[in-house]
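Chain by chain, the residues:
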Amino acid sequence: MAYFAIIGDFVDSKSIKERYHVQKLLEKCLEDINHKYKDALVSKFSITLGDEFQGLFEIGAPLFHIIDDVIQILSPYTVRFGIGLGDIVTDINPELSIGADGPAYWHAREAIQFVHQKNDYGNTSIAIKVGDATKTSQLNALIAAGDAIKADWRASQQEVFSTMLSMNIYDESFDQQALGHALQLNASALSKRLKSSSIKVYLRLRQATLDLILDSMKEEQA
C-alpha cells in the first residue's frame, strides 16, 4: 500500500539563536497540524531530531495545504520539505512517526536532500520523489514554478495568502467578499493584490501538481 511521507527541517538551523523557543514552536505547530489533518494522517508528524520532523499521510492528503500551513506557523523561520511516495515495509505506529521504514521515507529523504543541493537560489523549498525518474523531474519543475511565484510576494501579498490560510482557503475559487472583509480591503484593492501576486495561479498550480502526483501513483500501481 502506498503512502505519502513528508520530512521537514529548518534551513540554517545551526544559526538559530533561540533554539528552545523554536523547539517549542515546532512542537506546538506539529500538534496543531496533527489535529487539523487527523483524517488524512497515517502516522502523526513527530520530531525525529532537534530540527527535523516527519509524518506519514494517506494518498489523497492535501500535501501542499499541509506544507503551507506548517510554513505559516513556523514563520519567520525557513523550512524545507521532502515528499516521498511509496510503500512502508515495517509496522506503522499511528502516534509516532519514528521507526517505520520503506520506500515512502527513502524517497522523502532523497527529495529533501535534493532541495539541499538544488534550491534555485533559495527560492525552492519543496521537492518530491516518486518511483519514476522522469515523472519526479517533471513534478519538481512544477513545484519549483509554484515556489518561484511565492518567492516574489511582497509583504502585502503574503498577508493575503496568510489570511486565506487562516480562513482555510486553499483553492482558486473562494468567497472574495469574505476575504476582503477579513483583510479590510474593498473589492478593487483585493482584486489588485490577487492579480499582482498570482495567488490564484499558485493555488491552481499546486492542485494540478497534486493531481499529477496521484495520476503517477495510479499508473505505477496499474
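Preceding block: the structure.
So, here's what we can say about the structure. (Residues numbered from 1 in each chain as written. Predicted model: local features only at pLDDT ≥ 70, side-chain atom pairs only at ≥ 80, totals over all residues. Heavy atoms only, no water.)

Where helix α5 (residues 155-166) contacts helix α7 (residues 187-197), the axes come no closer than 10 Å and their chain directions differ by 100 degrees. As the angle between them shows, α5 and α7 are arranged roughly perpendicular. Judged by residue contacts, Ser156, Gln157, Glu159 and Val160 of α5 engage Leu190, Arg193, Leu194, Ser196 and Ser197 from α7. Considered class by class, the residues forming the contact of α5 with α7 number 3 nonpolar, 4 polar and 2 charged. (Axes fitted to C-alpha atoms, helices over the stretch in contact; angles between N-to-C directions. Helix = DSSP H or I, 4+ residues; strand = E, 2+ residues; numbered from the N terminus. Parallel < 35°, antiparallel > 145°, perpendicular 65-115°, else oblique. Contact = heavy atoms within 4.5 Å. Nonpolar A, V, L, I, M, F, W, Y, C, P; charged D, E, K, R; others polar.)

What follows concerns the packing of aromatic side chains. What the rule picks out here adds up to 8 aromatic pairs. Between phenylalanine 45 and phenylalanine 53, the aromatic rings sit 5.6 Å apart at their centres with planes inclined by 75 degrees, giving edge-to-face as the arrangement. Exposure class is identical for phenylalanine 45 and phenylalanine 53. Each is buried. Summarising the aromatic geometry, the rings of phenylalanine 161 and tyrosine 170 are spaced 6.3 Å apart at their centres and angled 55 degrees between planes, so their arrangement reads as tilted. Residue classification places phenylalanine 161 among the buried residues on the basis of a relative accessible area of 1%. Accessibility expressed as a relative area gives 16% for tyrosine 170, which makes it buried. Following the ring pairs from residue to residue traces out a cluster consisting of Phe45, Phe53, Phe57 and Phe81. Taking the ring centre of phenylalanine 174 as reference, the NZ or CZ of lysine 200 above it sits at 5.3 Å. (Phe/Tyr/Trp six-rings, centres within 6.5 Å; stacked < 30°, edge-to-face > 60°. Buried < 20%, exposed > 50% of the residue type's maximum accessible area, 1.4 Å probe, protein only. Lys NZ or Arg CZ within 6 Å of the ring centre and 35° of its normal.)

Every buried residue of helix α6 (residues 176-183) is accounted for by Leu179, Gly180 and Leu183. In an axial view of α6, the angular spread of the buried residues amounts to 100 degrees, which keeps them on one side of the axis. For α6, the exposed residues set more than 90 degrees away from the buried face come down to Gln177 and His181. Capping the start of α6, aspartate 175 holds a side-chain oxygen 3.0 Å from the backbone nitrogen of glutamine 177, two or three residues further along. Within two residues after α6, glutamine 184 carries a phi angle of roughly 60 degrees, on the positive side. (Arc of directions from axis to C-beta. Polar contact = N/O pair within 3.5 Å; in protein donor to acceptor, adjacent residues only side chain to side chain.)

For the rest of this paragraph, the subject is the pairing of strand β1 (residues 2-10). Where burial is concerned, most of β1 is hidden: 9 out of the 9 residues are buried. Residues of β1 alternate between two faces, with Ala2, Phe4, Ile6, Gly8 and Phe10 on one and Tyr3, Ala5, Ile7 and Asp9 on the opposite face, all of them buried. Here 9 bridges tie β1 to strand β4 (residues 79-87), and the two strands are oriented antiparallel to one another. Bridging from a neighbouring strand, isoleucine 7 pairs with glycine 82 of β4. (Pairing = 2+ DSSP bridges.)

Our focus in this paragraph is the nonpolar core. Among the nonpolar cores identified, the biggest contains 54 residues, and Phe57 and Ile83 are the most heavily contacted of them. Top contributing element to this core by residue count: helix α8 (residues 199-221), with 8 residues. Tyr3, Val42, Ala108 and Ile112 belong to the second-largest nonpolar core, a separate cluster that totals 11 residues. (Core = buried A, V, L, I, M, F, W, Y, C linked by side-chain atoms within 4.5 Å.)

Moving on to the pairing of strand β5 (residues 126-129). In this sheet, β5 lies alongside β4 in parallel orientation, the contact comprising 4 bridges. Opposite isoleucine 83, over in β5, you have isoleucine 128 as the bridge partner. On the question of chirality, the crossover connecting β4 to the parallel β5 by way of helix α3 (residues 103-117) is left-handed. (Right-handed = clockwise from strand over helix to strand, strands pointing away.)

What follows concerns the environment of aspartate 211. Looking at where aspartate 211 falls in the secondary structure, it is placed in helix α8. Taking the C-alpha atoms as reference, aspartate 211 lies 9.2 Å from glycine 60; in sequence the two are 151 residues apart.

On to the sheet that holds β1, then. Pairing is mixed in the open sheet, where 5 strands are placed in the order β2-β3-β1-β4-β5. Of all the strands in the sheet, the pair left with one neighbour each is β2 (41-49) and β5. On average, each strand axis in the sheet is tilted by 15 degrees relative to the strand beside it, whichever way the strands run. Sitting on the sheet, helix α2 (residues 63-74) is in contact with β1, β2, β3 (52-57), β4 and β5, with an inclination near 155 degrees to β4.

Attention now goes to the pattern of salt bridges. According to the stated counting rule, one finds 11 salt bridges in the structure shown. Across the salt bridge formed by lysine 36 and aspartate 69, the nearest N and O atoms sit 2.8 Å from each other. Here lysine 36 is found in helix α1 (residues 19-36), whereas its partner aspartate 69 is found in helix α2, with 33 residues between them in sequence. (Salt bridge = Lys/Arg side-chain N within 4 Å of Asp/Glu carboxyl O.)

Function-wise, these values are silent; they only describe arrangement.
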